[in-house]
Amino acid sequence: MSACYKSCVQKHPITLIFFLLIFIFPVTTEANPKKMRFHMQQKTIVIDPGHGGYEKGGEGPDGTFEKTVTLKFARVLAEELGRTYKTILTRTDDYWVDIPTRSATANHVDADMFISIHTGGSFLHQAGGTSLYYYKITSKSTLTLDPDSSKEFKNDDTEVSWANIQNRHQQNSKILAESVRDRIGRQTQYKPDIQGAPLMVLEGADMPAILIEIGYITNPVDEKSLHDIDELTKIAKEMRNGIDDFFEKFQ
Ligand SMILES: [Zn+2]
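Predicted, not measured: the structure shown is a model, and the values here were computed from it.

**Comments concerning the overall build of the protein**
Link 1 in the chain: Summing up its helical and strand segments, the protein has eight helices and six strands in all.
Link 2 in the chain: Ordering the α and β elements of the protein from the N terminus gives α-α-β-α-β-α-β-β-α-β-α-β-α-α.
Link 3 in the chain: Counting every position in the protein, which comprises 251 residues, the buried fraction comes to 47%.
Link 4 in the chain: For the protein, the share of sequence-separated contacts (at least 6 apart) that also reach a separation of at least 24 residues comes to 80%.

**Considering the packing of aromatic side chains**
Link 1 in the chain: All told, the structure shown has seven aromatic pairs when counted by the stated rule.
Link 2 in the chain: Measuring from ring centre to ring centre gives 5.9 Å for Tyr54 and Trp96, while their planes differ by 55°; the resulting arrangement is tilted. Taken together, the positions of Tyr54 in the loop between β1 (44-49) and α3 (66-81) and Trp96 in the loop between β2 (86-89) and α4 (99-108) put the pair 42 residues apart, joining distant regions of the chain.
Link 3 in the chain: In this structure Tyr54 comes out as exposed when scored by relative accessible area, which is 63%.
Link 4 in the chain: Residue Trp96 is classed as partly exposed on the basis of its relative accessible area, which comes to 25%.
Link 5 in the chain: A cation sits over an aromatic face here: Arg102 above Trp96, 4.9 Å from the ring centre.

**Topic: the pattern of salt bridges**
Link 1 in the chain: Enumeration according to the criterion identifies nine salt bridges in this entry.
Link 2 in the chain: Taking the shortest distance from any N to any O, the salt bridge between Glu80 and Arg240 comes out at 2.8 Å. Within this pair, whereas Glu80 is found in helix α3, its partner Arg240 is found in helix α8 (residues 229-248), the two being separated by 160 residues in sequence. Of the two residues, Glu80 and Arg240, both sit in the buried class.

**Structural notes on the pairing of β1**
Link 1 in the chain: For β1, the buried fraction is high: six of the six residues fall into the buried class.
Link 2 in the chain: Residues Thr44, Val46 and Asp48 point to one face of β1 and Ile45, Ile47 and Pro49 to the other, with burial holding for every one of them.
Link 3 in the chain: The parallel pair β1 and β2 is bridged by α3, and the resulting crossover is right-handed.
Link 4 in the chain: As defined by bridge partners, β1 adjoins strand β3 (residues 113-120) across five bridges and the pair is classed as parallel. Bridging from a neighbouring strand, Asp48 pairs with Ser116 of β3.

**Quick word on the packing of helix α5 (residues 170-187) against α8**
Link 1 in the chain: Two elements in contact, α5 and α8, have axes separated by 8 Å at closest approach and are oriented at 135°. On the basis of the axis angle, α5 is oblique to α8. Considering how the two elements wind past one another, α5 and α8 form a crossing that is right-handed. Along the contact surface, α5 presents Asn172, Ile175, Leu176, Ser179, Val180, Arg183, Ile184 and Gln187, while α8 presents Lys234, Ile235, Glu238, Met239, Asn241, Gly242, Ile243, Asp245 and Phe246.
Link 2 in the chain: Split by residue class, the contact of α5 with α8 holds eight nonpolar, five polar and four charged.

**Description of the sheet that holds strand β6 (residues 209-216)**
Link 1 in the chain: With respect to topology, six strands assemble into an open sheet ordered β2-β1-β3-β6-β4-β5, the strand pairing being mixed. Looking at strand neighbours, the two that pair on one side only are β2 and β5 (193-197), the edges of this open sheet. This sheet shows a mean twist of 25° between the axes of neighbouring strands, independent of strand direction.
Link 2 in the chain: Relative to β5, strand β4 (residues 130-135) runs parallel, the two sharing five bridges. Pairing of Leu132 across the sheet is with Ile194, part of β5.
Link 3 in the chain: Taken strand by strand, α5 contacts β3, β4, β5 and β6, and its axis lies near 30° from that of β6.
Link 4 in the chain: Across the sheet, α8 touches β1, β3 and β6, and the angle it forms with β3 is around 145°.

About the thresholds
- Residues numbered from 1 in each chain as written.
- Predicted model: local features only at pLDDT ≥ 70, side-chain atom pairs only at ≥ 80, totals over all residues.
- Heavy atoms only, no water.
- Helix = DSSP H or I, 4+ residues; strand = E, 2+ residues; numbered from the N terminus.
- Buried < 20%, exposed > 50% of the residue type's maximum accessible area, 1.4 Å probe, protein only.
- Contact = heavy atoms within 4.5 Å.
- Phe/Tyr/Trp six-rings, centres within 6.5 Å; stacked < 30°, edge-to-face > 60°.
- Lys NZ or Arg CZ within 6 Å of the ring centre and 35° of its normal.
- Salt bridge = Lys/Arg side-chain N within 4 Å of Asp/Glu carboxyl O.
- Right-handed = clockwise from strand over helix to strand, strands pointing away.
- Pairing = 2+ DSSP bridges.
- Axes fitted to C-alpha atoms, helices over the stretch in contact; angles between N-to-C directions.
- Parallel < 35°, antiparallel > 145°, perpendicular 65-115°, else oblique.
- Left-handed = near helix turned anticlockwise from the far one by under 90°.
- Nonpolar A, V, L, I, M, F, W, Y, C, P; charged D, E, K, R; others polar.

Given below as structure tokens:
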């Protein structure tokens, strides 16, 4: 550096300007730097009710479809969050919305957060509780397949898509999942677990994004409580608290 400085910069003032510019305006390889700042006035949260239309998702022992529960809960959550935030649903009725359109909706409105709602499903009827996911590319050996295909996983054998913009928000998305878990964990009998997974619905979201499974539709007890508006409201309130906690961490 010093040799270069003496030989280049001292002799050529224009080179000095070049050096200064490099330090003042560092070259970035990302088109859009990490978005750590959120909207100050009113934050926008996009809520994505999983499935819809012909894509019913999981089915409970009593015949409840996941797509019905996700929309019902999304409405409850929107009402709860609507006290503080602007909320937008990726679907407002029983119709299918393709996976990339869901996160694209959030990108289009420059949302501060994206939350995809699902229920868990398992062949084991005793499996239950709440789970939280954030986007993470995992090795094939650790990739778990969803038994009811309620979530669409990216195949790790394929090359990483340029579109998986969620990578840059991975850390914040994990913090968001933890904030929500810490609140929900106080209220429910299950301590929600958090997993990183290559979820397609999250990969294109250019903001902190999580997927939450609010109980297991295949669990008879969970299926019943997923019909209970009071239970859904309880979860939604704790999610709102967790989301408030999350945004406070960035103030
Ligand atoms: Zn699902």
